[in-house]
Amino acid sequence: ETGVTQSPTHLIKTRGQQVTLRCSSQSGHNTVSWYQQALGQGPQFIFQYYREEENGRGNFPPRFSGLQFPNYSSELNVNALELDDSALYLCASSLPGGLANEQYFGPGTRLTVT
Amino acid sequence: DAKTTQPPSMDCAEGRAANLPCNHSTISGNEYVYWYRQIHSQGPQYIIHGLKNNETNEMASLIITEDRKSSTLILPHATLRDTAVYYCIVPLYNQGGKLIFGQGTELSVKP
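Residues numbered from 1 in each chain as written. Chains lettered and ligands numbered in written order. Predicted model: local features only at pLDDT ≥ 70, side-chain atom pairs only at ≥ 80, totals over all residues. Heavy atoms only, no water.

Enquirer: Just give me the short version of the overall build of chain A, but keep the residues and values in it.
Expert: What chain A contains, in helices and strands, is zero helices and 11 strands. Its helices and strands in sequence order give chain A the pattern β-β-β-β-β-β-β-β-β-β-β, from N to C terminus. The C-alpha atoms of chain A give a radius of gyration of 13 Å, which matches the 13 Å a tight globule of 114 residues would have. Viewed in the frame of its principal axes, chain A has a C-alpha envelope of about 40 × 30 × 25 Å. Expressed as a percentage of the 114 residues in chain A, the buried residues total 48%. (Helix = DSSP H or I, 4+ residues; strand = E, 2+ residues; numbered from the N terminus. Rg over C-alpha atoms; globule rule 2.2 N^0.38 Å. Buried < 20%, exposed > 50% of the residue type's maximum accessible area, 1.4 Å probe, protein only.)

Enquirer: Talk me through the state of the cysteines; I want residue IDs and the actual numbers.
Expert: All names here are of chain B. For the structure shown, the criterion picks out two disulfides over all chains. Distance from the sulfur of Cys12, which forms no disulfide, to the nearest cysteine sulfur (Cys22) is 18 Å. The buried category is assigned to Cys12, whose relative accessible area is 9%. (Disulfide = S-S within 2.5 Å.)

Enquirer: So what about unusual backbone geometry? Which residues, and what values?
Expert: Glycine aside, the phi torsion of most residues is negative, and most peptide linkages are trans. All names here are of chain A. Residue Pro8 is reached from Ser7 by a cis peptide bond, and omega for that bond is -10 degrees. Mapped onto the secondary structure, Pro8 falls in the loop between β1 (5–7) and β2 (10–13). Phi at Glu52 is positive, roughly 70 degrees, even though this residue is not glycine. As for its placement among the helices and strands, Glu52 is situated in the loop between β5 (44–50) and β6 (53–57). For Glu52, a relative accessible area of 42% gives the class partly exposed. Of note, Tyr72 is a non-glycine position whose phi angle comes to about 75 degrees, a positive value. Note that Tyr72 resides in the loop between β7 (64–68) and β8 (74–78).

All quantities given are derived from atomic positions and should not be read as evidence of function.
Structure below.
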């Protein structure tokens, strides 16, 4: 167990809808990264938040957005859902700077878009 | 990220050492090598990382060649619970926290 929790565990949405996924960091970690993992693929980096600001973004469109709160928990929002957004969404917490690559992942949220 | 190359799959007998190779021939002098694994239906798990010296922790050992162009993750006494996909990652030095996962090596530990 990493101490990183995510909710909900599973979610089914319809194309065009919006979804919010939540993540609570491991105690003491102030950096949160989000990843998308399609079936049979490795996780893909979406973005990272540090001190409530976006601190790096992967190749994802603006309809993928996030928030980080003062307690370091985080949300991932996806607007105008598409079928290809069906995936496992993972969040990971870490310390910043040189320790940012040592990340502790939650169990993920499985999103299905129909 | 420095491109990494791993075999798609490997088998290992339970109780034997599992040696997972990774090539990263374009690695820069200040880039670290990280290893993660992902057990089925779980989030990835950090294992170990290193720069140029060999590293060991309670989970595994990491051997990095002198020219740093390749490394080997060693699980000294593999168990069935070590069955997972193992990822070797070399993050860009100036993009801390952006992990680029490839396809990894699917390790099957067999009784």
